[in-house]
Amino acid sequence: MDSQTDITVETLMNSENPEIALKHMQPFLDMMMWYECALMEIETKLKVLNNEFALQYNRNPFESIKCRLKKPLSIVEKMKRKGLDLSIESIQENLSDIAGIRVICSFPEDIYTVSQLLAKQDDIRVIETKDYIRNPKPNGYRSLHLIVEIPIFLSNEKKYMKVEVQFRTIAMDFWASLDHKLKYKKNNLKHPELIAQELKKCADTITAMDYKMQEIRNLLEE
Ligand code: 0O2
């Protein structure tokens, strides 16, 4: 480990000398830039697929994509929660959701089509797949998560960076944003269990609707 990278993010946050803090901040800023580049790479790959589909099959495999970089404070909180050392190396090794991209599709089938097309590209390494569509979470959460590694080409090196790609339908995304509110407001609610039950029912209803709409789409395309 070189003299810069063994400075932890925590030390940086506590530093009373801004110049020293900025100097030591550089490895962290570099790392965030690498993640941002990785996001751009995946976003471009997805856009290429979308353009190709639009031209060849007259249909878009996804409706929208949203990219996000985890906030530095959330990175520190997550590392602390997991009881991990806050070095740059440890952050890269232990967190796989610093760079996140959400792909919103119209139909469940499209999720598998796009994710497979992305996963089979020869510069992508799939590290982990969590299929919460085939195996929904008990609260009703459904999405397909891929943790992938993608190379980014810097001026003098090639680096593999991890990106979490979440695929879900429009309805699943709508549901997840409401469910996200429950997670943060749970302690201030009068009847959190009741809300959770109602959300679970909604999850099941929208799933049935997603598959029904897919059936109709397939009939229309026959
Ligand atoms: P945020 O604010 O969206 O970033 P890990 O991240 O690996 O430590 P875990 O639980 O093994 O934790 O990962 P998992 O299940 O793959 O979930 C990662 C992300 O999926 C979450 O990130 C959410 O974005 C989303 N997610 C997972 N489960 C749910 C759920 O029940 N409801 C909703 N709305 N989203 C979910 P963060 O960091 O939790 O949140």
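Residues numbered from 1 in each chain as written. Predicted model: local features only at pLDDT ≥ 70, side-chain atom pairs only at ≥ 80, totals over all residues. Heavy atoms only, no water.

**Q** Help me understand the sheet that holds strand E2 (residues 99-105) in this model?
**A** Sheets are built from strands that pair by backbone hydrogen bonding, the pairs being arranged parallel or antiparallel. Pairing in this open sheet of 5 strands is mixed, and the strands run E1-E2-E5-E4-E3 from one edge to the other. Edge positions in the open sheet fall to strand E1 (64-69) and strand E3 (125-131), since each of these has one partner strand only. Pairs of neighbouring strands in the sheet enclose a mean axial angle of 25 degrees, with direction left out of account. Of the pairings in the sheet, the one linking E2 to strand E5 (residues 158-169) comprises 6 bridges and is parallel in character. When the bridges of E5 are listed, Val103 appears paired with Phe167. (Pairing = 2+ DSSP bridges. Helix = DSSP H or I, 4+ residues; strand = E, 2+ residues; numbered from the N terminus. Axes fitted to C-alpha atoms, helices over the stretch in contact; angles between N-to-C directions.)

**Q** Teacher, can you tell me more about empty space enclosed by the protein here?
**A** Picture a little ball the size of a water molecule; that probe, rolled over the atoms, points out where space is still empty. Applying the stated criterion across every chain yields a total of 1 cavity of 30 Å³ or more. Its volume calculated, the largest cavity comes out at about 30 Å³. Lining the largest cavity, in full, are Gly140, Arg142, Met172, Trp175, Ala203, Ile206 and Thr207. By residue number, the principal contributor to the lining of the largest cavity is helix H7 (residues 192-221), which donates 3 residues. Residue composition of the lining of the largest cavity, grouped by class: 4 nonpolar, 2 polar and 1 charged. (1 Å grid on protein atoms, 1.4 Å probe; cavity = no way out; pocket = protein on both sides within 12 Å on 5 of 7 lines; lining within 4 Å. Points joined across faces, edges and corners; volume = space filled by probe spheres on them. Nonpolar A, V, L, I, M, F, W, Y, C, P; charged D, E, K, R; others polar.)

**Q** Quick question: what am I supposed to make of the pattern of salt bridges here?
**A** Note that side chains of opposite charge can pair when their charged atoms are close. Per the stated rule, a full pass over the model turns up 16 salt bridges. Ionic pairing is found between Asp97 and Lys70, a salt bridge with its closest N-O pair at 3.1 Å. Highlighted residues: Asp97 in the loop between helix H4 (88-94) and E2 and Lys70 in the loop between E1 and helix H3 (72-81), separated in sequence by 27 residues. Considered together, Asp97 and Lys70 belong to a single accessibility category, that of buried residues. Ionic pairing is found between Lys78 and Asp97, a salt bridge with its closest N-O pair at 2.9 Å. Of this pair, Lys78 sits in helix H3 while Asp97 sits in the loop between H4 and E2, placing them 19 residues apart in sequence. (Salt bridge = Lys/Arg side-chain N within 4 Å of Asp/Glu carboxyl O. Buried < 20%, exposed > 50% of the residue type's maximum accessible area, 1.4 Å probe, protein only.)

**Q** Could you clarify how one ought to interpret the packing of aromatic side chains in this entry?
**A** How two aromatic rings sit relative to each other is given by the distance of their centres and the angle of their planes. Inspection of every chain in the model, using the stated rule, returns 1 aromatic pair. Note on Tyr132 and Tyr141: the rings are 5.7 Å apart at their centroids and 65 degrees apart in plane angle, and the pair reads as edge-to-face. Classification of Tyr132 by relative accessible area gives buried; the value is 17%. Here Tyr141 falls in the buried class, since its relative accessible area comes to 11%. (Phe/Tyr/Trp six-rings, centres within 6.5 Å; stacked < 30°, edge-to-face > 60°.)

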